[in-house]
Each structure stands twice: as structure tokens, then as C-alpha cells.
Amino acid sequence: MKKLFSVGPQLLGSGPALFAWQPSGPLLATTGPSGRAVFLFDRHGTQVREISLPSSTAPVLALDWDCEGEVLAIVQKGDTVVHLWWSDTAAGGRLETLETHSKEVSFIRWASRSPVLAVGTVKGALVLYNKRTRRKEVIVGKHSKRITTGCWSQSSDLLALAGEDRYVTISTAEGQNV
């Protein structure tokens, strides 16, 4: 395997890095433990953008691109919001804030086939956000404790979530239990 480029601790800091490839484009989003910014690189290693985050001290917990590669979701530790970076080429990108109106965000994941973002909280609530309609639905009681992980099915819009309550739930993109 040929090494295309590397990003060192001088930019990301020392410690574990997070990264996410843009599914339909050439960008790699990455950040380090400092959490001050998310850096975007093209496949040749050229830094094309630096997304400054509102909280410059909180580490980034998760990065995830939507299925079309238009929106990068970013969550910082302790936040009750999700930062959405829209990769509008004409405007050079813009950062928006998605209010969850819930306790601290613990998990994010875009659907693999639709424009829906799943957001889990430390209190077990699920927030579903549709980027096309800008509609947000808060579903309380999906889990009784922190939602720790989840994934969308590849063939249909089903979401599996796991939590500290030791349960796995399976829901539709509208939040209905299966």
C-alpha cells in the first residue's frame, strides 16, 4: 500500500485522532484530542479547510459525513448540540448548530441511504434530524441510560442502538420501534 500523506502531532496534538472520509468526494476530516478545530485535507494531503469549533478546549467525540458527502456532523465532549458543517463549494462551507434540547450528546451517525442523522444522548433519548426538511424529532425513553453506539442498516433505513442499559433497540428512520 502506498502512503499518500500523513498528518502529525504538530497539527493534531498528541493522542488519538478521529477521522472520516467524505463518501462522495475527496475530503478527509480529522481532528486530535485538543478539539480546537477539524481539519479537511484532499487526497493529496493538502489542507483545504480548517473548521474552528465554538468550544476550543473540549475534545471532539465523533465526526460523521452524511451519505451524500454534503454535511459533516461534529460533536464535542459535554455539548448538547451537534455542529453541522455544510460543504457548499460556492460559500466555502458553513457551520450551523443543531440544538438537541436534550442532555449531553453521546453518539451521532448519519443514515447510509437517506438524509437522516441519529443523535443519542447520555439520558437515552434519540434525536432524528432530516437535513432536507430540517425537521427534528426528539424521542425520549429510547434507552434508560446513555446511548453508546449504533449503526444504520445498508439495505433499509433501520437504526440499531445500544446503550449502557444493556439493551439494543431497532427503530425506523421515523423513530418507531421495530
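This paragraph deals with the pattern of salt bridges. Taken as a whole and assessed by the stated rule, the structure comprises ten salt bridges. One salt bridge connects Glu164 with Arg146, and the closest N-O pair in it is separated by 3.5 Å. Pair noted here: Glu164 is in the loop between β14 (158-163) and β15 (168-172) and Arg146 is in the loop between β12 (135-139) and β13 (147-152), with a separation of 18 residues, a long-range link. Take Glu164: its relative accessible area is 45%, and that puts it in the partly exposed class. Of the residues examined, Arg146 reaches a relative accessible area of 28% and is grouped as partly exposed.

Here the phi dihedral of His101 falls at roughly 55°; this positive angle occurs in a residue that is not glycine. Along the chain, His101 falls in the loop between β8 (94-99) and β9 (105-110). Positive phi outside glycine occurs at Arg166, with the angle close to 70°. Along the polypeptide, Arg166 turns up in the loop between β14 and β15. Looking at Arg166, the relative accessible area reads 79%, which means it is exposed.

What follows covers the packing of aromatic side chains. Two descriptors summarise a pair of aromatic rings, namely the distance from one centre to the other and the angle between the planes of the rings. This structure, assessed with the given rule, holds two aromatic pairs. Here the aromatic rings of Trp65 and Trp85 are separated by 6.4 Å at their centres, their planes lie at 80°, and the arrangement is edge-to-face. In this pair, Trp65 sits in strand β5 (residues 60-65) while Trp85 sits in strand β7 (residues 81-86), placing the two residues 20 residues apart along the sequence. When its relative accessible area of 6% is taken as the criterion, Trp65 is described as buried.

Counting buried residues in β9 gives five out of six residues, a clear majority hidden from the surface. Bridge analysis of β9 against strand β10 (residues 116-121) gives five bridges, and the strand direction is antiparallel. The partner of Trp110 across the bridge, within β10, is Leu117. Counting the residues in the hairpin turn of β9 and β10 gives five residues.

Moving on, we get to the sheet that holds β13. The antiparallel open sheet is built from three strands, whose spatial order is β13-β14-β15. Both edges of this open sheet fall to β13 and β15, since each of them pairs with a single strand only. Direction aside, the axes of adjacent strands within the sheet are offset by 25° on average. As paired strands, β14 and β15 are joined by five bridges and run antiparallel to one another. Note that in β15 the partner of Leu158 across the bridge is Thr172.

Conventions used here
- Residues numbered from 1 in each chain as written.
- Predicted model: local features only at pLDDT ≥ 70, side-chain atom pairs only at ≥ 80, totals over all residues.
- Heavy atoms only, no water.
- Salt bridge = Lys/Arg side-chain N within 4 Å of Asp/Glu carboxyl O.
- Helix = DSSP H or I, 4+ residues; strand = E, 2+ residues; numbered from the N terminus.
- Buried < 20%, exposed > 50% of the residue type's maximum accessible area, 1.4 Å probe, protein only.
- Phe/Tyr/Trp six-rings, centres within 6.5 Å; stacked < 30°, edge-to-face > 60°.
- Pairing = 2+ DSSP bridges.
- Axes fitted to C-alpha atoms, helices over the stretch in contact; angles between N-to-C directions.

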